[in-house]
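Observations on the three-dimensional arrangement
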Amino acid sequence: MQVQEILNMLFEPYIFIPLVFPGLIAAFIVLLIIIWLERKIAAKVQLRYGPLYIIKPLGGVIQTVADLIRYLFQEPIIPKDVDKLAFLLTPVFLFGLAYLPVVVIPIGPSYYAFRSDLSLLIALALTTLAPIFTVLMGWASNNKFSLIGSVREGYLVISYEIPIFLSALSMAILYGTLDLVEIAEAQRGIWGIFLNPVAAVNMLVLMYMSTSKFPFEIPEAESEIVAGPYTEYGGILYGLVMGASYVKLYVLSLVYSILFLGGWNPLPQSMIGNPFISGSVLFIKSFILVAFGAFLRAVYPRFRIDQAVGLGWRISLPLSLISIFISLLLVMGGVRFVY
Amino acid sequence: MEAEERELELLIGPQHPASGHMRLIAKIDGDVVTELRPDIGYVHRSVEKIAETKKFLQIIPLVERPSLPDTTANNLAYVMALEKLLGIEPPPRAKYLRTLLAEITRIHSHLYGLGIHGVMIGSSTAYMWCFGDREPFLQLAQELTGARLTYSYIIPGGVRRDMPKGFADKVEKVLRYMEGRMKDYFDIYFNNPVTRARLEGVGVLKREDAIRLGAVGPNLRASNVPYDVRKAEPYAAYPDVEFDVITEKAGDSFARVMVRVREIGESIKIIRQVLKRIPDGPILHENYEKLIPPKLKEQYKSTGIVKFPSLFANLKAPEGEAIARVEGGRGEVVFHIISDGKTSPYRLRMVTPSFRNVVLFEHLTKGARVADIPAIYGSLDYFPPEADR
Amino acid sequence: MSIDRTVRHVKAIITGTKYLFSGPRMTIMYPEDIEELPEGYRGMIEYDWNSCIKCSLCAMICPADAIKMYVSKEESEKEKKIVKRPGINYARCIFCGFCVDICPTNSLTFSKVHDMAYYTYEEHFYPPDKFAEGIKHVHKGRRVRVILDEKRGIKYEPVD
């Protein structure tokens, strides 16, 4: 096989999207950058410098690479009485499943790995697989603090899953389709966030609730239950679980950008065929959302579990029902989309 | 399922990110705490027994160190009790300087407590801001005494150093900085809806219980009991300055936090009055001044740094006992010295405010949730080394 | 959610953004920048051999038993009586400054060094001759002065 054929195969959508962008390699780079950026943003708000010493002129930007190398060489300690199979495999599955929905994300109107009539539903359904492994991690660790943390994660999952589905489906009612490519194409004139702001704000808050960003950092509340389900982990296993929640936030914000922020729109007609430019626009929008989630660390304390569950059921669920109602009103009022 | 099987016993022990130097043994049923017992004594260093082997002046740094960061209160209470035994009173300028240092210490001790409380409920911004804003106050104290936290500034008969030149302007700048920062603190932390939801209604201490259990300091004043040792039994320069005793009615964690924040404002008022009204004069009692050799006395008068008379190396207190009370940042500090005429005391008893507040742990956490344990712990401003001595 | 709570949420985020873009920093970049300490700072002790009158008041008042009197052999043989001079143990010194304040001849003075480090425990002990050599510690950083400021709290300005 010649180099040209290999390169041609690499740029085929069904290999490029899951593997390079916005798949594994891009998720990895986002992970490295956002952990550093979160520490720098929090430091700037808190009147200090953050990580600085590794390559000082660049502001310590490869601090995360140094941390990753340290994690790779550190011995992961496995306590004696844990459930070994579950203990060792759950971080791997967690990290792998966290970025699984990326296979259905299109980065151009004709550049997608997998197109189906139900791709929005597939993406959202695949994101619900990850929390099962968090709960399993807490049980396998044989530690009371991990148990409390995993029970809290279970409670949170129940209270945010339904409103997220309802808010996303209200946009599907508005656009009239569940296909992510068509949803992005439909927003050529006006973005979804202006049509249904209630659903947009609701889904933003729920997105942060589902990935343990402040003020919802409850399963891993450091001052109450040490590190929740992740207490007993060290070495590369800990690196994997720490990165898993950021990867899940990245994937969810890709879905959010396509649903509400117009995907790769507005782009002039000439550039629409080029996957790199449309992909970059999509990537920038989702990165801004991830960075905002990291910024919230510097502003908010932590909710209590019953307050967060109360927020999910008493405020988010009615708001998502209202957003479905608004979508129905708009559709019946004659709003139509052309693809 | 029986109650014994449902209940989880959680050891929030010394190796925990938010437990300090103590162990909390919690019995939890689901998310509700049924019983919380503090297990104190982890950092007991027998300060009272060591004091029986040291001379009177050597005990000054010894009793300061358990109560970081509120060192001046212990220093002042011990020296006041010693001066009662010796039968002397410091000159007026020394009294005002003692008040100045005590109020600067109160401000940065309250900021310490608020910062630790912030990180216990998850707001690292409150932690970093409070600790960053302590820094100008520590620089002021470094100008005045030569050290950042353990001053050992107050000696029997007066104080060790006079105010350096230009000190009053620096103090005024720092006070204006602190007042200007308060708006940002309220916007980002105290008025934050998440903070209010975490702290309001949590750990309510009713007025009768506060008086019955013997709580001290801001914990008592947040339950609508206006008791402050600076008004009940005034000492140092407090009879000459005007200030209010801050109380709050609610008695929950948020009220305790608000009492501390407003007491910072009152301390700023007191410092301004002290700097305006401070009289001139000597800073050491005349009995000790006349024991200093003449050449050293000239040096002391010109530089403002006291030279100890050699009597201090072997100071003997007459027989008797004396008690002194002082209002520290965390509450009331009581010192009781019994002397039998030698160079070391026969018995030294120090009662610290954290030791008297330990009983509130068990009382306030009945029926609270697991996440309320750090919220209540931080609001009490409990400092384990101070309670264990 | 009432209007008041929403307004407070927005205010918190706006304050955070304000500090994100224009927040000052209070960190001093030690050890590249060394703080210029004020006069009278209580650092490590310097001892003057010639003016000491060997009264041992410093050893009597030290609260941590850091200063102890060592017998000085040559002077004892010369003067036919026991002559003792002070030596200090920096593992025990608490930098309280009582010894400096009580010395009747100003033989003990403060230096401005507080951050020496030693490789072995025995290096902490300074017998009288080593004590008299002084503190030979050179800070290799840039000296900055701490300025108290109304807007920023603490500012650092280099001293040339």
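Procedures and definitions
- Residues numbered from 1 in each chain as written.
- Chains lettered and ligands numbered in written order.
- Predicted model: local features only at pLDDT ≥ 70, side-chain atom pairs only at ≥ 80, totals over all residues.
- Heavy atoms only, no water.
- Helix = DSSP H or I, 4+ residues; strand = E, 2+ residues; numbered from the N terminus.
- Rg over C-alpha atoms; globule rule 2.2 N^0.38 Å.
- Buried < 20%, exposed > 50% of the residue type's maximum accessible area, 1.4 Å probe, protein only.
- Contact = heavy atoms within 4.5 Å.
- Areas by Shrake-Rupley, 256 points an atom, 1.4 Å probe, with all protein chains shown as cover.
- Lys, Arg positive; Asp, Glu negative; His and termini not counted.
- Charge placed at Lys NZ, Arg CZ, Asp CG, Glu CD.
- Core = buried A, V, L, I, M, F, W, Y, C linked by side-chain atoms within 4.5 Å.
- Phe/Tyr/Trp six-rings, centres within 6.5 Å; stacked < 30°, edge-to-face > 60°.
- Lys NZ or Arg CZ within 6 Å of the ring centre and 35° of its normal.
- Buried area = accessible area lost by both parts, 1.4 Å probe.
- Salt bridge = Lys/Arg side-chain N within 4 Å of Asp/Glu carboxyl O.
- Polar contact = N/O pair within 3.5 Å; in protein donor to acceptor, adjacent residues only side chain to side chain.
- Axes fitted to C-alpha atoms, helices over the stretch in contact; angles between N-to-C directions.
- Parallel < 35°, antiparallel > 145°, perpendicular 65-115°, else oblique.
- Left-handed = near helix turned anticlockwise from the far one by under 90°.
- Nonpolar A, V, L, I, M, F, W, Y, C, P; charged D, E, K, R; others polar.
- Pairing = 2+ DSSP bridges.

A closer look at the overall build of chain A
On a plain count of helices and strands, chain A comes out with 15 helices and zero strands. Rg of the C-alpha trace for chain A: 21 Å, near the compact-globule value of 20 Å for 339 residues, within the 12% margin. Its C-alpha atoms give chain A principal-axis dimensions of roughly 60 × 60 × 45 Å. Residues counted as buried form 55% of the 339 residues belonging to chain A. Long-range pairs, those at least 24 residues apart, make up 80% of the contacts in chain A between residues at least 6 apart in sequence.

Regarding the overall build of chain B
Within chain B one finds 18 helices and eight strands. What you see for chain B is a C-alpha radius of gyration of 22 Å, in line with the 21 Å of a compact globule of 389 residues. Projected onto its principal axes, the C-alpha positions of chain B cover 85 × 50 × 35 Å. Looking at the 389 residues of chain B, the share that counts as buried comes to 63%. Contacts in chain B between residues far apart in sequence, at least 24 positions, make up 69% of those at least 6 positions apart. Here chain B displays about 13900 Å² of accessible surface, and carbon together with sulfur accounts for 51% of that area. Looking at charge distribution, chain B has the averaged site of its 55 positive side-chain charges lying 6 Å from that of its 51 negative ones.

Overview of the nonpolar core
Ranked by internal contacts, the top residues of the largest apolar core, which has 228 residues, are Leu259 of chain A together with Tyr78, Leu100, Phe308 and Phe335 of chain B. At 15 residues, the largest contribution of residues to this core is made by helix α13 (residues 236–260) of chain A. Look past the residues within four positions of Tyr78 of chain B in its chain and what remains in contact with it is Phe56, Ile59, Ile60, Val63, Phe335, Ile337 and Leu348 of chain B. Met44, Cys58, Cys99 and Val113 of chain C belong to the second largest nonpolar core, which has 19 residues in total.

As for the packing of aromatic side chains
We describe a pair of aromatic rings using the distance from one ring centre to the other and the angle between the two ring planes. Applying the stated criterion to the full structure yields 34 aromatic pairs over all chains. Ring geometry for Tyr208 of chain A versus Phe292 of chain A: centroids 6.3 Å apart, planes at 45°, classification tilted. Of the two residues, Tyr208 of chain A sits in helix α11 (residues 197–210) while Phe292 of chain A sits in helix α14 (residues 275–295), which places them 84 residues apart along the sequence. Measuring from centroid to centroid gives 6.0 Å for Phe292 of chain A and Phe295 of chain A, while their planes differ by 35°, and the two rings are tilted. Placement of the pair is Phe292 of chain A and Phe295 of chain A together in helix α14, with a separation of three residues, close to one helical turn. You can call Phe295 of chain A buried: its relative accessible area is 5%. Put simply, the rings of Trp129, Tyr185, Phe186, Tyr189 and Phe190 of chain B together with Tyr19 of chain C pair up and form one aromatic cluster. The ring of Phe243 of chain B has Lys231 of chain B sitting right over it, with the charged end atom 4.2 Å from the ring centre. In this structure, Lys130 of chain C packs its charged tip against the face of Tyr126 of chain C, placed 4.2 Å from the ring centre.

Looking at the interface of chain C and chain A
Taken together, the contacts link 18 residues of chain C with 15 residues of chain A. Of the roughly 1500 Å² buried between chain C and chain A on both sides combined, carbon and sulfur atoms contribute 66%. On the chain C side of the interface with chain A, the three residues burying the most area are Ile13, Leu20 and Arg25 of chain C, jointly 38% of the side's total.

Considerations on the side chain of Ser354 of chain B
Inspection of the secondary structure assignment puts Ser354 of chain B in helix α15 (residues 353–357). When near neighbours in sequence (up to four residues on either side) are disregarded, Ser354 of chain B contacts Arg330, Asp381, Tyr382, Phe383, Glu386 and Ala387 of chain B.

Quick look at the interface of chain B and chain C
Interface extent is often summarised as the accessible area lost during association of the parts. Chain B puts 49 residues into the contact, and the matching count from chain C is 41 residues. Around 3600 Å² of area is buried between chain B and chain C when both sides are counted, 56% of it from carbon and sulfur atoms. Here chain B is connected to chain C by four salt bridges. At the boundary of chain B with chain C, the tally comes to 23 residue pairs in polar contact (both at pLDDT 80 or more). Top contributing element to the side of chain B that touches chain C by residue count: helix α6 (residues 124–145) of chain B, with 10 residues.

Quick look at the environment of Leu204 of chain A
Mapped onto the secondary structure, Leu204 of chain A falls in helix α11. Remark: the alpha-carbon pair of Leu204 of chain A and Ser320 of chain A, spanning 116 residues in sequence, is separated by 12 Å.

Details of the environment of Ile50 of chain B
Residue and element names in this part refer to chain B. Relative to the helices and strands, Ile50 resides in helix α2 (residues 47–50). Here the alpha-carbon distance between Ile50 and Ile246, two residues 196 residues apart in the chain, equals 37 Å. In this structure Ile50 touches Arg45 and Leu62, once residues within four positions along its chain are discounted.

Side note on the pattern of salt bridges
In this structure the tally under the stated criterion is 56 salt bridges over all chains. Residue Asp179 of chain A pairs with Arg115 of chain A through a salt bridge whose shortest N-O separation is 3.0 Å. Of this pair, Asp179 of chain A sits in the loop between α8 (144–175) and α9 (180–186) while Arg115 of chain A sits in the loop between α5 (84–98) and α6 (119–127), placing them 64 residues apart in sequence. Under the relative-accessibility criterion, Asp179 of chain A is labelled buried at 2%. Across the salt bridge formed by Arg98 of chain B and Glu83 of chain B, the nearest N and O atoms sit 2.9 Å from each other. Taken together, the positions of Arg98 of chain B in helix α5 (residues 92–120) and Glu83 of chain B in helix α4 (residues 71–86) put the pair 15 residues apart, joining distant regions of the chain. For Arg98 of chain B, a relative accessible area of 2% translates into the label buried. Put simply, Glu103, Arg106, Arg221, Asp228, Arg230, Glu263 and Glu327 of chain B are held in one network by salt bridges that share partners.

Section: the packing of helix α3 (residues 24–45) of chain A against helix α4 (residues 63–73) of chain A
Residues and elements named next belong to chain A. Where α3 contacts α4, the two axes come as close as 8 Å, and the packing angle between them is 115°. Relative to α4, the element α3 lies roughly perpendicular. Crossing of α3 against α4: the hand is right-handed. Here Phe28, Leu32, Ile35, Trp36 and Arg39 of α3 come into contact with α4, specifically with Gln63, Thr64, Val65, Asp67 and Leu68. Per-class residue counts for the contact of α3 with α4 are six nonpolar, two polar and two charged.

Here's the deal with the environment of Tyr42 of chain B
Residues and elements named next belong to chain B. Within the element layout of this structure, Tyr42 appears in the loop between β3 (32–39) and α2. Separated by 74 residues in the primary sequence, Tyr42 and Ile116 place their C-alpha atoms 20 Å from one another. Ignoring anything within four residues of it in the chain, the contact list for Tyr42 reads Pro14, Gln15, His21 and Asp388.

Some remarks on helix α17 (residues 372–380) of chain B
Residues and elements named next belong to chain B. Among the nine residues in α17, nine count as buried, and that is most of the element. All buried positions along α17 are accounted for by Asp372, Ile373, Pro374, Ala375, Ile376, Tyr377, Gly378, Ser379 and Leu380. Two residues or fewer after α17 comes Asp381, characterised by a positive phi angle close to 55°.

Digging into the packing of helix α7 (residues 167–190) of chain B against helix α1 (residues 3–22) of chain C
Running from N to C, α7 of chain B and α1 of chain C cross one another at 130°; their axes reach a closest spacing of 8 Å. Taken together, the axis directions place α7 of chain B and α1 of chain C in an arrangement best described as oblique. Listed contacts from α1 of chain C to Arg181, Asp184, Asp187 and Ile188 of chain B of α7 of chain B are Lys11, Ala12, Thr15, Gly16, Lys18 and Tyr19 of chain C. When grouped by side-chain class, the residues that make up the contact of α7 of chain B with α1 of chain C number three nonpolar, two polar and five charged.

Remarks on the sheet that holds strand β2 (residues 23–29) of chain B
Residues and elements named next belong to chain B. Strands sit in the order β1-β2-β3 across an open sheet of three strands; the sheet is antiparallel. Lying at the two open borders of the sheet, with one neighbouring strand each, are β1 (7–12) and β3. If you compare each strand with its neighbour and ignore which way they point, the axes differ by 20° on average. Bridge analysis of β2 against β3 gives seven bridges, and the strand direction is antiparallel. Residue pairing for β3: Lys27 is matched across the bridge by Glu35.

Here's the deal with unusual backbone geometry
The peptide bond linking Phe214 of chain A to Pro215 of chain A adopts the cis configuration, its omega dihedral lying at 0°. As for its position among the elements, Pro215 of chain A is in the loop between α11 and α12 (222–225). Cis geometry is found at the peptide bond from Leu68 of chain B to Pro69 of chain B, where omega equals -5°. Within the fold, Pro69 of chain B resides in the loop between α3 (59–64) and α4. At Ser152 of chain B, a residue that is not glycine, the phi angle is positive and equals roughly 50°. Mapped onto the secondary structure, Ser152 of chain B falls in the loop between α6 and β4 (154–155). The phi torsion at Ser56 of chain C lies on the positive side, around 60°, for a residue other than glycine. Take Ser56 of chain C: it is sitting in the loop between β2 (45–47) and α2 (57–61).

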